[in-house]
Each structure stands twice: as structure tokens, then as C-alpha cells.
Amino acid sequence: MASMKKITGIALCALLSTTNLMAQQKDTTDLLSMLEKEVAGDEKSQTNYTTATFKTTRLINGHTVENVAAGVLDVKISHRFGRLNTGSYELFGLDNASMRMGLDYGITRYLMVGIGRSTFEKTYDAYFKLKIFRQSTGKRKMPVTLSYVPTVALKTLKWEDPNRKNYYTSRLYFTHQLIIGRKFSEGTSIQLMPTYVHRNLVKYASESNELFAAGIGGRQKITKRVSINAEYYYQIPGYRLTGTTNSLSLGFDIETGGHVFQLHFTNSRGMNERTFVSETTGLWEKGDIYFGFNISRVFTVGKRRR
Amino acid sequence: MKQGILSAAFIIAMAGTAAAQKYYTKNGSISFFSKTSLENIKADNNQVMSVLNAQTGEIQFSVLVKSFRFEKALMEEHFNENYLESEKYPKATFKGNITDMSRVSFATDGMYTVPVTGDMTMHGVTKKLSTTGTITIKGGKVSAVSKFFVKLADYNISIPNLVKDNIAESVEVTVSSSFDQKM
């Protein structure tokens, strides 16, 4: 009887320690998945901000919701050639080019500043871009990114009529833009750009100093590093200057390491807000299409803020 | 009867010691280093989950790809967007075994070099990985370190021609965890 008990005891012992060992092996995986769940829980209680809504800070002519990162300097060189419909004599516009050189710098994650000089109408421009909300999931949910971009432009062409009294302020143009953007999926992002332009001087007394425009734009990635972009600015009737049209642009973003190349076709010649939003004169259907490109090259100059 | 009680006591004692042989942490670290003549790229992640089973020799790691931090913001963006596709493949894991656990004495302070083999999964690809690691026991605290190379092509991470000279074909990965918890 006693030996029977002993055998049962040993058998039980052996059985239990085997199951114990098996449980142990499973436990390692279980413990890891428990940790993973815990971390996933922590993630949910944190805010996850959407990144890379667009490849760079410009869509084609205008701004995107993107900022350059803090401490990063972005050198932008942009060209717009002449109109395609000038024919082979002008090599479809390539004989003419207008250019903008610009520098953008990220002060914080929320704020970037930029300056530029365009050969078109010898214009200087300066702006800042402030992110008000960032698209996010998790603890703080925000469906869109909202940015505010005010721009001032200074036209330095010689006075058209030097004999009249000219004011310095007549050279100034102001633009205010709100940009509401959303990254819908890895490849698709869309943004709306309500825009207000103020020009201190207009040609005719009948023309308005103000202009309201509604912009829409977006991108669709076709590969990891290439996307198709479109951008359209609709001028609200009643404010537009005579002879102007709405700006429509189509293009590609091609990203190669630290560079982003943007190639596009647009009916706008100018490369700052007030020119393409309010002073576009080209018509796509007539072939008044300018081929152009933007090149962006970033340099990390400041320390990264975490 | 007496023996029954003894066996029961033995089992409880066994279970007791076995239960104290899993070490884990949520704050392990993984860093990687890509060295080329043009550019050195380094990234760190200090939110690595790791479990070491002292009894069976099992060792596992899990990490969220998007929590790697780079010196340059754009590198981090490209790493997530173009190379590791962290939206699509959020985790990287290693599940393996220390094949010769008998070398390690958890009761004695010291450094023990051990062979490790297992499966590493990242960017949706699982590959066998064999390397050596060092387990350090100091005052009852257990930590593990390992260094190995990962060939990017093995994990379907393709580098475009334009930046081929900037990114190494094989990057050096350093894993280190101090197991601050046990059960």
C-alpha cells in the first residue's frame, strides 16, 4: 500500500513537473505578448501624430501642411520655363525661364520661416508657417492638420510711372492662408487652402484690393518615392483682376534621399502666393502651360529637438 | 501518506523555483549602425520588450519599428516610410533559444558567452539568425548583450541606386537588455 502511494506520488510529481515545463515554454511567448499588449495600451494612451502627409513643404506652387523639421534648412530652387505654345522657335518655352531661390528653416516642430526671391517681377517674399493642429490618433484624436501661412511679397520692379507720387507701400502684397490637410492613407493626402490676398495698389479704381480664393490640392503616391500632385485655386468671382484665370497645376514629386524633385505643368508663371493665386493669366486649353520644377535639398544645421 | 506530503512539498518547491526563472524588461535597447565612406547612420530604440527564460533558455524580443530615433528627421521619415514601412509592418521580433544554457550560472556573478539561434522577423520577412551573446550576472541582476550584422536585402529592404553609396548593405545591430523584472 505504502509502495503504491509512493509510485503514485512519483508519477504525479513527474507529470506535474512536465506540465510545469511545458507551461513554462508557452509562458515565455505569453509573457512577451503580455508585454506587447501593455505597450500597445501605453501607445493608445499616447498621442500618435501623423507624419509625411506630403513629401515636402510645397505641393506645386503653393504650400502644403508640411513644415521642415526643427533645425533643418531647406534650400529650394524653382524654375518655370516659358509657355509650351510658344512653339519650336522658343523650344516650347525652354528658352525662357523665371526662377525663385528660397531658404526655409524650421525653428520648432510647429513653426518654420522662409524667404525667397523671384526673378518674375523682381519679387522678394517672406513668410512663416505655423501648425495649429496636427492630425493624430490615440489619446488626442485630430482628423486634420491645420496650418496658418501669412506671406508678404515685395515687388521691386522700377515704377511704371516715375513721375507720379509713388509710395513704398504700393510695392507690398499680403497673403493669408489656412491649410487644412488630411492624410487619408499611406498614399493619399488631400488639403484645402482658403486664401486671402491683399494688394495695396491695383491698376484701376474699379479693381478690388482684396481677393478671396479657395484652393484644393492633393497627392497620390504611385510608388514609395514618387507621387502625382494636383493643385487648383479658384478665385471667388467679384474680386478677381480683369484678364486673370484660375491656377491649375499638375505634377510629380520624386524623392531621392535628401532631395525632392518636383516636376510640373502649370498655367501660372509666378511662384509666390499673390502671383499664382491672383495674377495667373494662362489658359490650359490654349496651351498657355508652363513646364517647371522645384528642387528641395535639406541640410540638418541645428540640433534636433525631441 | 507521509511520502505523499513529501512529494507535494517537492512539487511546490519545484514550481516555486521554476516561477522565479523568467526575466523580462520593457526598456531594452536596440541600435543599428550603417557605415559607408559617405555617411554613417545610427538609430536607437530604448523601448524594446524582452523575455529570458532561465530554465529553458528561450529568449525573445519585440520592438515597435517607429520608435527608432535618428539624428536627422528626414532619415527617420524615410526609414519609416520607404525602408521598413512601419505602418504596414509595425513590429520586429526575435524568438530564439540560448542553446547552451548550462554554461550560465544565475547564482554566480560573471559573464557568460552563449550561442543563440532563432527566427528574426521584420519588414514582413522571417529569417533564421545565429549569433553569440553575452549574459552578465551581477548581484542577482541579469543582462544580455549581442551584436550581429543584418543584410538588408535578406529582409526585402531595397535601397535605390541613388543612395546605394550612403547606406551599408549590412548594418550592425546591437541588442542589449537589462532584465529589470522577474517572475
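Computed from a prediction, not measured in an experiment: that's the story for all the values here.

Asker: How should I be thinking about the overall build of chain A in this particular structure?
Answerer: For chain A, the count of helices and strands is two helices and 14 strands. A globule of 306 residues ought to have a C-alpha radius of gyration of about 19 Å, yet chain A, at 29 Å, is considerably larger. When burial is assessed residue by residue, chain A has 35% of its 306 residues classed as buried.

Asker: I tried to follow the confidence of the model for chain B on my own but got confused; where do I start?
Answerer: Should the pLDDT be low somewhere, the predicted coordinates at that spot are not to be read in detail. Taken residue by residue, chain B gives an average pLDDT of 87. The fraction at 70 or more is 89%. Low pLDDT, under 50, characterises residues 12-19 of chain B; the stretch is placed with seven contacts to residues that sit more than four places away or in other chains.

Asker: Help me understand the domain arrangement of chain A in this model?
Answerer: How big an interface is tends to be expressed through the accessible area that disappears when the partners come together. Each assigned domain of chain A is listed with its residue range as follows: domain 1 (1-45) and domain 2 (50-300). In this structure, domain 1 of chain A and domain 2 of chain A have C-alpha centres spaced 63 Å apart.

Asker: Hey, could you run me through the sheet that holds strand β12 (residues 247-256) of chain A in this one?
Answerer: One key point about sheets: their strands pair by backbone hydrogen bonds, in either a parallel or an antiparallel sense. All names here are of chain A. Strands sit in the order β2-β3-β4-β5-β7-β8-β9-β10-β11-β12-β13-β14 around a closed barrel of 12 strands; the barrel is antiparallel. Mean inter-strand twist for the sheet, computed between neighbouring axes without regard to direction, equals 20 degrees. Alignment of strand β10 (residues 210-221) against strand β11 (residues 226-235), held across nine bridges, turns out to be antiparallel. Paired with G217 across the strands is E231, a residue of β11.

Asker: Hey, could you run me through the pairing of strand β13 (residues 259-266) of chain A in this one?
Answerer: Moving residue by residue along a regular strand, the side chains alternate between the two faces of the sheet. All names here are of chain A. Residues V260, Q262, H264 and T266 of β13 are buried on one face, while the alternating residues H259, F261, L263 and F265, pointing to the opposite face, are not. Summarising the sheet, β12 and β13 pair through eight bridges and their orientation is antiparallel. Of the residues in β13, the one forming a bridge with S249 is T266. In sequence, β12 turns back onto β13 through a hairpin of two residues, with G257 there showing a positive phi of about 65 degrees. Here β13 runs beside strand β14 (residues 290-300); their pairing, made up of eight bridges, is antiparallel. For F261, the partnering residue across the bridge sits in β14 and is I295.

Asker: Would you explain unusual backbone geometry in this entry?
Answerer: The bulk of non-glycine residues show a negative phi, and the bulk of peptide bonds are trans. All names here are of chain A. Of note, A52 is a non-glycine position whose phi angle comes to about 55 degrees, a positive value. Following the sequence through the fold, A52 ends up in the loop between β1 (47-49) and β2 (72-83). The class for A52 is partly exposed, based on 16 C-beta atoms found within 10 Å. Despite not being glycine, L91 has its phi angle at roughly 45 degrees, a positive value. Its place among the elements puts L91 in the loop between β2 and β3 (97-106). L91 sits in the exposed class, given 12 other C-beta atoms within 10 Å.

What counts, and at which threshold
Residues numbered from 1 in each chain as written. Chains lettered and ligands numbered in written order. Predicted model: local features only at pLDDT ≥ 70, side-chain atom pairs only at ≥ 80, totals over all residues. Helix = DSSP H or I, 4+ residues; strand = E, 2+ residues; numbered from the N terminus. Rg over C-alpha atoms; globule rule 2.2 N^0.38 Å. Buried ≥ 20, exposed ≤ 12 C-beta atoms within 10 Å, placed from the backbone. pLDDT = per-residue confidence, 0-100. Contact = placed C-beta atoms within 7 Å. Domains from an automatic or database assignment. Pairing = 2+ DSSP bridges. Axes fitted to C-alpha atoms, helices over the stretch in contact; angles between N-to-C directions.

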